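Observations on chain architecture
Each chain is listed here by its residues.
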Amino acid sequence: MTDHDYMMKAIEAASLVRLRTSPNPWVGCVVVTVDGQAFVGATEAPGGRHAEVVALDAARAALADTQGATVFTTLEPCSHHGRTGPCTEALISAGVSRVVSAITDLDQLVGGQGFAALRSAGITVDIGICADLVTEQLRPYIHHRITGRPFVILKLASTLDGRTAAVDGSSQWITGEAARTAAHQLRAESDAIVVGSGTVRRDNPTLTTRLVDGPSPRRIVLGKAPEHAKVHPCLEWDKSICELLDTLGNEGVLQLMVEGGATVASSFHQENFVDRYVLYVAPAFMGGNDGTPLFNGESAPSMQQLWRGTLRNVRQLGSDIEVTIDNPRINEEK
């Protein structure tokens, strides 16, 4: 197997722990011994072992010799004491000869210091294999480390003519089960979810992950939620969105999902707080201009002032289409 093949195995291992490591990054690691044995590890829940230690422990449990081994890890090994010891020390003690990492950890406690510690111990360090894939996989973590704020995903569901609710306010269900399940997966990957108080009063949502196997996010309501609303327990927020993002960032929220309604969506969009837009579009028409639009606010005054994003992905989910659009600024976050 090539270096690329082993790094892909590490990326796959990281994907399997995506829902349980936050606020720590979801990292995968493969330890390959001199005689060709491969041992896979991934980051455990907060307070548990990091990916490199999990893989080394797996090798030791199999009585494999790690002396001279090559280690493939998706993120730079840590070199500081936190709730666990430094991964660099574990790698040095194991006698590995080479560490291959996709990207540098932008956390201020790491930031190249892990690589420097390994090189000082005589270990060869190679950086950059599958860097684009890992950067995307760790996008919320990287964004948080650069900005101090959560990565904001705005989820919208609409008809082909851009309506999110009918004249009577009803919106369940515009899209089919496959699209709704994908949206619940986004919830599971998010540390917190925010809606407006109008949506709570109108739809009384639970904002849980009942359609997928994953944790439900913290629930935040912009404004006051009725006493017996299903969204409780929740944080009722009456300050600015800017202050909300700063507060959540300081609390370790890596990804924030915004899920309605049109006024809240417009507020995040107008202030350029959205990092990724995920639209679920049904093959249906409202057929007029009196339904609820995607955004309830001021439009761009001219074609020259349109907001333009970067099309990231389009896929079909049942009879619906999922369209993912990135804010161009995130391409600079590497």
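Preceding this section is the structure that the text describes.
Scope of this entry: the structure provided in the associated data block. For every chain, the first residue of its written sequence is number 1, and the numbers climb from 1 along that sequence. Where totals are concerned, whole chains, interfaces and linings use all residues; where local detail is concerned, this predicted model gives features only for residues with pLDDT of at least 70, and gives and counts side-chain atom pairs only at 80 or more. Each side-chain value is worked out from all heavy atoms of the structure, with water and hydrogens disregarded.

Moving on to the environment of Ile 220. Helix and strand labels come from DSSP, where a helix needs a run of H or I of at least four residues and a strand needs a run of E of at least two; each type is numbered from the N terminus. Checked against the element boundaries, Ile 220 lands in strand E9 (residues 218-222). With a 1.4 Å probe rolled over the protein chains alone, any residue whose accessible area is under 20% of its type maximum counts as buried; one over 50% counts as exposed, and the rest are partly exposed. Taking the relative accessible area as the measure of exposure, Ile 220 reaches 0% and is therefore buried. Note: C-alpha distance between Ile 220 and Ser 190 (30 residues apart in sequence) is 12 Å. Between two residues, a contact is recorded if the distance between any of their heavy atoms is within 4.5 Å. Excluding residues within four positions of it along the chain, Ile 220 makes contact with Ala 192, Ile 193, Val 194, Val 195, Leu 235, Trp 237, Leu 244, Leu 248 and Leu 256.

In space, the five strands of this open sheet follow the order E2-E1-E3-E4-E5, with mixed pairing throughout. Whereas interior strands pair on both sides, the edge strands pair on one side only; in this sheet they are strand E2 (38-42) and strand E5 (124-127). Along the sheet, successive strands turn relative to each other by an average axial angle of 15°, direction set aside. Two strands are counted as paired when DSSP detects at least two bridges linking them. Summarising the sheet, strand E4 (residues 98-103) and E5 pair through four bridges and their orientation is parallel. If you follow Val 100 over to E5, its bridge partner there is Asp 126. Between the N-to-C directions of two axes lies an angle of 0 to 180 degrees, each axis being a line fitted to C-alpha atoms and, for a helix, fitted only over the stretch in contact.

Attention shifts here to helix H3 (residues 87-94). Residues Cys 87, Thr 88, Ala 90, Leu 91 and Ala 94 constitute the buried set of H3. Summarising the axial view, the buried residues of H3 lie within an arc of 160°, below the 170-degree limit, and thus occupy one face. At the exit of H3 stands Gly 95, carrying a positive phi of roughly 80°. The directions considered for the arc run from the helix axis to the C-beta atoms.

Buried residues dominate E4, accounting for five of its six residues. Relative to E4, strand E3 (residues 70-75) runs parallel, the two sharing five bridges. Following the sheet pairing, Phe 72 is matched in E4 by Val 100. Here a crossover is taken to be right-handed if, once the strands point away from the viewer, the path from the first strand over the helix to the second is traced clockwise. Assessed by its sense of winding, the connection that carries the chain from E4 through helix H4 (residues 113-120) to E5 is right-handed.

On to the packing of helix H2 (residues 51-61) against H3, then. Running from N to C, H2 and H3 point in directions that differ by 30°, and their axes come no closer than 9 Å. The orientation of H2 with respect to H3, classified from their angle, is roughly parallel. In this structure, H2 crosses over H3, and the sense of that crossing is left-handed. The residues of H3 that touch H2, namely those facing Glu 52, Val 53, Leu 56 and Arg 60, are Cys 87, Ala 90, Leu 91 and Ala 94. Residues are sorted three ways: Asp, Glu, Lys and Arg are charged, Ala, Val, Leu, Ile, Met, Phe, Trp, Tyr, Cys and Pro are nonpolar, and all the rest, Gly among them, are polar. The class makeup of the residues in the contact of H2 with H3 is six nonpolar, no polar and two charged. Orientation labels follow simple angle bins: below 35 degrees gives roughly parallel, above 145 gives roughly antiparallel, 65 to 115 gives roughly perpendicular, and whatever is left gives oblique. Crossing handedness follows the turn of the near helix against the far one: under a right angle anticlockwise gives a left-handed crossing, and clockwise gives a right-handed one.

In this model, Ser 22 is joined to Pro 23 through a cis peptide bond whose omega is 10°. Across the junction of His 232 and Pro 233, the peptide omega takes the value 0°, indicating a cis bond. Within the secondary structure, Pro 233 is located in the loop between E9 and strand E10 (235-237). Positive phi outside glycine occurs at Cys 130, with the angle close to 60°. Tracing the backbone shows Cys 130 in the loop between E5 and helix H5 (131-137). Classification of Cys 130 as buried rests on a relative accessible area of 11%.

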